[in-house]
Amino acid sequence: MRIGILGTGSMARALGGQWERAGHEVVAAGRSHGDLRAAAEHGTDAVLLAVPHAAAVDVVSALEDTLRGRVLVDCTNPVGPDFALLTAGGPAAAERVAAAAPAARVVKAFNLCHESVWRLTPPVFAGRPLAVPVCGDDEAALTVVRRLVRDLGCVPLHAGGLDRSGLLEATAALLIRLWVAEGADAQAIVPPAEFSGQRT
């Protein structure tokens, strides 16, 4: 696949490097490191939005015409000082991105983990591959993103439509606080599946 990456930071390098290893053609650019438009044009199969949250809407708005019809994957997190969710009350960051480029097919994914996790080949913990929640409304776009998840050695999880993306973003804010501020093992807050209350 041809993947464009908007951004040249740690997330862009980690995910882009893994997708290159999987055989995809990746072009990344930042506002001070090349042409964002060229990266968006290259991403005929997918474009990863990997800029700081504060810049995301402006970047996407400027590329609205180029992003028309593109699968636009938003991995940004609207987390501010003291780990506050900057979009509390809505709309979610991914929904704001979608509004800025209404003809793009926006999918929320890859926002729950630090870039160091995406550098693992593959991200497997205690013998279990990492699961990656994915939110979006376009089934063809979701199919593309599920493939990108699997190409990292991970397992995609359907987390609902884009209207559920705010839950992913709020989860990221909570997990980052637990990991960074509390030094906690955030994974310990979730019981095994057999205790989830589901009947089998």
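Residues numbered from 1 in each chain as written. Predicted model: local features only at pLDDT ≥ 70, side-chain atom pairs only at ≥ 80, totals over all residues. Heavy atoms only, no water.

(A) A look at the packing of helix α3 (residues 53-62) against helix α4 (residues 93-100). At their nearest, the axes of α3 and α4 sit 8 Å apart, and the two run at 20° to each other. Between α3 and α4, the crossing angle belongs to the class labelled roughly parallel. As for how α3 packs across α4, the hand of that crossing is right-handed. Across the interface between the two elements, His 53, Ala 56, Val 57, Val 60 and Ser 61 of α3 pack against Ala 93, Arg 96, Val 97 and Ala 100 of α4. (Axes fitted to C-alpha atoms, helices over the stretch in contact; angles between N-to-C directions. Helix = DSSP H or I, 4+ residues; strand = E, 2+ residues; numbered from the N terminus. Parallel < 35°, antiparallel > 145°, perpendicular 65-115°, else oblique. Left-handed = near helix turned anticlockwise from the far one by under 90°. Contact = heavy atoms within 4.5 Å.)

(B) The pattern of salt bridges, seen in detail. By the definition in use, this model includes nine salt bridges. In this structure, Arg 2 and Glu 25 form a salt bridge, with 3.7 Å as the shortest nitrogen-oxygen distance. With a gap of 23 residues between them, Arg 2 in strand β1 (residues 2-6) and Glu 25 in strand β2 (residues 25-29) connect regions that are remote in the sequence. A relative accessible area of 33% places Arg 2 in the partly exposed class. One salt bridge connects Arg 37 with Asp 65, and the closest N-O pair in it is separated by 3.0 Å. One end of the pair, Arg 37, is in helix α2 (residues 36-42); the other, Asp 65, is in the loop between α3 and β4 (71-74), with 28 residues separating them in the sequence. Of the residues examined, Arg 37 reaches a relative accessible area of 28% and is grouped as partly exposed. (Salt bridge = Lys/Arg side-chain N within 4 Å of Asp/Glu carboxyl O. Buried < 20%, exposed > 50% of the residue type's maximum accessible area, 1.4 Å probe, protein only.)

(C) Region of interest: α4. For α4, every residue scored as buried is listed here: Ala 93, Ala 94, Val 97 and Ala 100. The buried side chains of α4 occupy one side of the element, clustering within an arc of 120° when seen end-on. Each element contacted by the buried residues of α4 is listed here: β3 (46-49), α3, β4, β5 (105-108) and α7 (165-181). (Arc of directions from axis to C-beta.)

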